[in-house]
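Given next are the chains, with one letter for each unit.
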Amino acid sequence: MDPYFGDVWLTRLLLQRGMAAVYCVAFLTVALQFKPLLGEHGLLPVPAYLRRSSLRESPSIFFWRYSDRLAMTAGWVGLLIAVCALLGLTDAGPVGLSAGSWMLLFALYLSFVNVGQKFFGFGWESMLLEAGFFTAFLGPARMQPSILPVLILRWMLFRTEMGAGLIKLRHDPCWRDLTCLYYHYETQPLPNPLSWYFHWVPKPMHRFSAAASHVIQVIVPFFLFAPQPVASVAAGLTILHQLVLIVSGNYSWLNWLAVVLGFAGMDDRTLRLAWPLVAPQLEPRPLAFDIALWIISAGTVALSVRPVQNLFSANQMMNYSYNPFHLVGTYGAFGTVGRERFEIVIEGTGEGLVTPHTQWREYEFKGKPGDPRRRPPQVAPYHLRLDWLIWFLPFSVAVTERGIRVWRHDLWFIRYIKKLLEGDKAILGLMRTNPFGEKPPVFARALLYRYRFADPHQRRATGVWWVRELMGVYLEPVKLEALKDM
């Protein structure tokens, strides 16, 4: 046993199986959502993006050729490989099979991310790519593990936690005065079934939780590189923090990926306290594999210079990739917390004329708030990309005492409204409800509401989870004919 780092055979096994599970979810979202959002007739069509980009800027297999059939094939192939990795089948062959399987997962998902535009512009996409790339160098379960790729993943966890902690302290004063959690659970992108309960805990508990978050994200990460079992304790605290985030909100696979990376901080002796699995007789690592590990390690050190500089920068960036392969980037979350929640509510009508008496029917999304009586759902680790993009829209709205002012309407949103007016089944498949059945509406519009959690008394008296107030019209009523050129 290594006296400093400990044995990492079980560590490697959990890292690989955990990464495979996250890849399964990621490729499932591709298979079910990519075509309606980004396909040939999607909201941001990939073919149009390819014409104004280049292979050097955005490496992707789709520069060779794009079709919806090819994209769907790549998505389902990625899911199949991820399932095989989850079941351990990729460990059954030679070293090349294990490493090659992970590299293929990386290449396929990179191809989607690099053409996915806004719908794939989330920090956890780059995190998955970086972690997946380095997972390829862990080696199959029957081979002696090396500490080098484990340390690289541990370094990624350090940057993720430290980046998130520092950007909070630098950007929003409510993190420094420990009041951000007064608002966070109510204003986060997609609240989950427990978010309401977290919101209404006593304020001293919110302040304690914010302080604990700072300790875990800014101080504890340094101990990830301490001798065992200290590093395991630090990793355990990080995992515990991520589990709290998991049960209090919907953040796609972000927190689950951080939990998986947390295993990189543990050694086998610690992990066997929960899972008493003993390593089999292990084969030695090939010399060529060790040489590759040292080259990859040296490359990681070189690529880490700019992310480290970013951590010390007063203008720290939150989620940024310094290369088109999304390797060794900088991460972070919630540098700013909203004090109020605004939601875009989309409605349609089958009436041919809009009057003050027009009856409007509301579309419901799968994840984001809509009907005040509907309890916030649990959707993570699945990623509802359309719901997330809708959540960002109110950021382009100025709310004043005189009403609202919309600075811009995103092109993808106007195309989305057009597809609702067309009754597009692919887009409607991403919605929770279609109030118009087979006959699409004549007009559609979008309203801006202020949402807040119902207080406990309102909850008991009326059964509602939300209280909402109409702020104004985000998009005036529009017919299909007006959007023909979109």
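Scope of this entry: the structure provided in the associated data block. Keep in mind the model is a prediction, meaning the values are calculated, not measured. (Residues numbered from 1 in each chain as written. Predicted model: local features only at pLDDT ≥ 70, side-chain atom pairs only at ≥ 80, totals over all residues. Heavy atoms only, no water.)

**Focus: the side chain of Asn255**
Move 1: Its place among the elements puts Asn255 in helix 12 (residues 254-262).
Move 2: A polar contact is formed between the side chain of Asn255 and the side chain of Gln242, at a distance of 2.8 Å.
Move 3: Apart from residues lying up to four places away in sequence, Asn255 is in contact with Gln242, Leu245 and Ile246. (Helix = DSSP H or I, 4+ residues; strand = E, 2+ residues; numbered from the N terminus. Polar contact = N/O pair within 3.5 Å; in protein donor to acceptor, adjacent residues only side chain to side chain. Contact = heavy atoms within 4.5 Å.)

**A short note on the packing of helix 14 (residues 287-303) against helix 15 (residues 305-312)**
Move 1: With their axes 4 Å apart at the nearest point, helix 14 and helix 15 run at an angle of 35 degrees to one another. In contact with Val301, Ala302 and Leu303 of helix 14, helix 15 contributes Val305, Arg306 and Pro307.
Move 2: Here the contact of helix 14 with helix 15 is built from residues that sort into 5 nonpolar, no polar and 1 charged. (Axes fitted to C-alpha atoms, helices over the stretch in contact; angles between N-to-C directions. Nonpolar A, V, L, I, M, F, W, Y, C, P; charged D, E, K, R; others polar.)

**Thoughts on the state of the cysteines**
Disulfides are covalent bonds that connect the sulfur atoms of two cysteines.
Move 1: The tally for this structure, following the rule as stated, stands at 1 disulfide.
Move 2: Two residues share a disulfide in this structure: Cys174 and Cys180, whose sulfurs sit 1.6 Å from each other. A torsion of 65 degrees about the S-S bond marks the disulfide between Cys174 and Cys180 as right-handed.
Move 3: Left unpaired, Cys24 is separated from the closest cysteine sulfur, that of Cys84, by 9.2 Å.
Move 4: Judged by its relative accessible area of 12%, Cys24 falls in the buried class.
Move 5: Overall, Cys84 belongs to the partly exposed group, its relative accessible area being 22%. (Disulfide = S-S within 2.5 Å. Buried < 20%, exposed > 50% of the residue type's maximum accessible area, 1.4 Å probe, protein only.)

**With respect to the sheet that holds strand 1 (residues 341-349)**
Move 1: Taking strand neighbours across the sheet as the criterion, the 4 strands line up as 2-1-5-6 in an open arrangement whose pairing is antiparallel. Every other strand in the sheet has two partners, leaving strand 2 (361-362) and strand 6 (466-479) as the edge strands with one partner each.
Move 2: Where strand 1 meets strand 5 (residues 443-453), 9 bridges bridge the pair, whose relative direction is antiparallel. Bridge pairing in strand 5 places Arg341 opposite Tyr451.
Move 3: Along the sheet, helix 17 (residues 411-422) makes contact with strand 1, strand 5 and strand 6, crossing strand 6 at roughly 80 degrees. (Pairing = 2+ DSSP bridges.)

**Examining the pairing of strand 5**
Move 1: For strand 5, the buried fraction is high: 9 of the 11 residues fall into the buried class.
Move 2: In this structure, strand 5 lies alongside strand 6, joined through 10 bridges in antiparallel fashion. For Arg452, the partnering residue across the bridge sits in strand 6 and is Val467.

**Some points on the layout of surface pockets**
Move 1: Of the pockets and cavities examined, the second largest pocket occupies roughly 450 Å³.
Move 2: Contributing to the lining of the second largest pocket are 21 residues, with Asn114, Gly121, Ser126, Ser321 and His326 lying nearest its centre.
Move 3: Looking at the lining of the second largest pocket, the element that brings in the most residues is helix 5 (residues 123-135), giving 3 residues.
Move 4: For the lining of the second largest pocket, a count of residues per class yields 8 nonpolar, 11 polar and 2 charged. (1 Å grid on protein atoms, 1.4 Å probe; cavity = no way out; pocket = protein on both sides within 12 Å on 5 of 7 lines; lining within 4 Å. Points joined across faces, edges and corners; volume = space filled by probe spheres on them.)

**Overview of the pattern of salt bridges**
Move 1: Tallied over the entire structure, the rule returns 17 salt bridges.
Move 2: When the shortest N-O distance is used, the salt bridge between Arg142 and Glu283 registers 3.3 Å. Linking Arg142 in the loop between helix 5 and helix 6 (147-171) with Glu283 in the loop between helix 13 (268-271) and helix 14, this pair joins segments that are 141 residues apart in sequence.
Move 3: Note on Arg142: relative accessible area 26%, which makes it partly exposed.
Move 4: Taking the relative accessible area as the measure of exposure, Glu283 reaches 40% and is therefore partly exposed. (Salt bridge = Lys/Arg side-chain N within 4 Å of Asp/Glu carboxyl O.)

**Side note on empty space enclosed by the protein**
Move 1: Applying the stated rule across the entire model yields 1 cavity of 30 Å³ or more.
Move 2: In this structure, the largest cavity occupies an estimated 70 Å³ of space.
Move 3: Lining the largest cavity are Pro191, Gly367, Lys368, Pro369, Gly370, Asp371, Arg374, Arg375, Pro376, Pro377 and Trp466.
Move 4: Residues of the lining of the largest cavity, tallied by class, amount to 5 nonpolar, 2 polar and 4 charged.

**A few points about a nonpolar patch on the surface**
Move 1: A surface patch of nonpolar side chains, amounting to about 460 Å² of accessible area, comprises Val215, Ile219, Phe222, Phe223 and Val230.
Move 2: Assessed through its relative accessible area of 40%, Val215 is described here as partly exposed. (Patch = residues over 30% accessible without salt bridge, like charges linked within 9 Å, V, L, I, M, F, W, Y side chains within 5 Å. Areas by Shrake-Rupley, 256 points an atom, 1.4 Å probe, with all protein chains shown as cover.)

**Brief notes about the packing of aromatic side chains**
Geometrically, a pair of aromatic rings is defined through the distance of the ring centres and the angle of the planes.
Move 1: What the rule picks out here adds up to 39 aromatic pairs.
Move 2: On the numbers, 5.1 Å between centres and 10 degrees between planes, the contact of Phe122 with Trp124 is stacked.
Move 3: Aromatic pair Trp196 and Trp465: ring centres 5.8 Å apart, planes at 90 degrees, arrangement edge-to-face. Highlighted residues: Trp196 in helix 9 (residues 195-199) and Trp465 in the loop between helix 19 (456-462) and strand 6, separated in sequence by 269 residues.
Move 4: Residue Trp196 is classed as buried on the basis of its relative accessible area of 8%.
Move 5: In this structure an aromatic cluster arises from ring pairing among Tyr23, Phe27, Phe34, Phe62, Tyr66, Trp102, Tyr109, Phe112 and Phe120.
Move 6: Across the ring face of Trp175, the terminal group of Lys168 is positioned such that the distance to the ring centre comes to 5.4 Å.
Move 7: Lying across the ring of Phe120, Arg385 places its NZ or CZ 3.7 Å from the centre. (Phe/Tyr/Trp six-rings, centres within 6.5 Å; stacked < 30°, edge-to-face > 60°. Lys NZ or Arg CZ within 6 Å of the ring centre and 35° of its normal.)

**Topic: the packing of helix 4 (residues 95-113) against helix 5**
Two measures define how a pair of helices packs: the angle their axes make with one another and the distance between the axes.
Move 1: Viewed as axis vectors pointing N to C, helix 4 and helix 5 meet at an angle of 160 degrees, and their least axial separation amounts to 8 Å. When the axes of helix 4 and helix 5 are compared, the pair comes out roughly antiparallel. As for the relative orientation of helix 4 and helix 5, their crossing is left-handed in sense. Contacts from Trp102, Met103, Phe106, Tyr109, Leu110 and Val113 in helix 4 reach Glu125, Leu128, Leu129, Gly132, Phe133 and Thr135 in helix 5.
Move 2: For the contact of helix 4 with helix 5, the class distribution of residues is 9 nonpolar, 2 polar and 1 charged. (Parallel < 35°, antiparallel > 145°, perpendicular 65-115°, else oblique. Left-handed = near helix turned anticlockwise from the far one by under 90°.)

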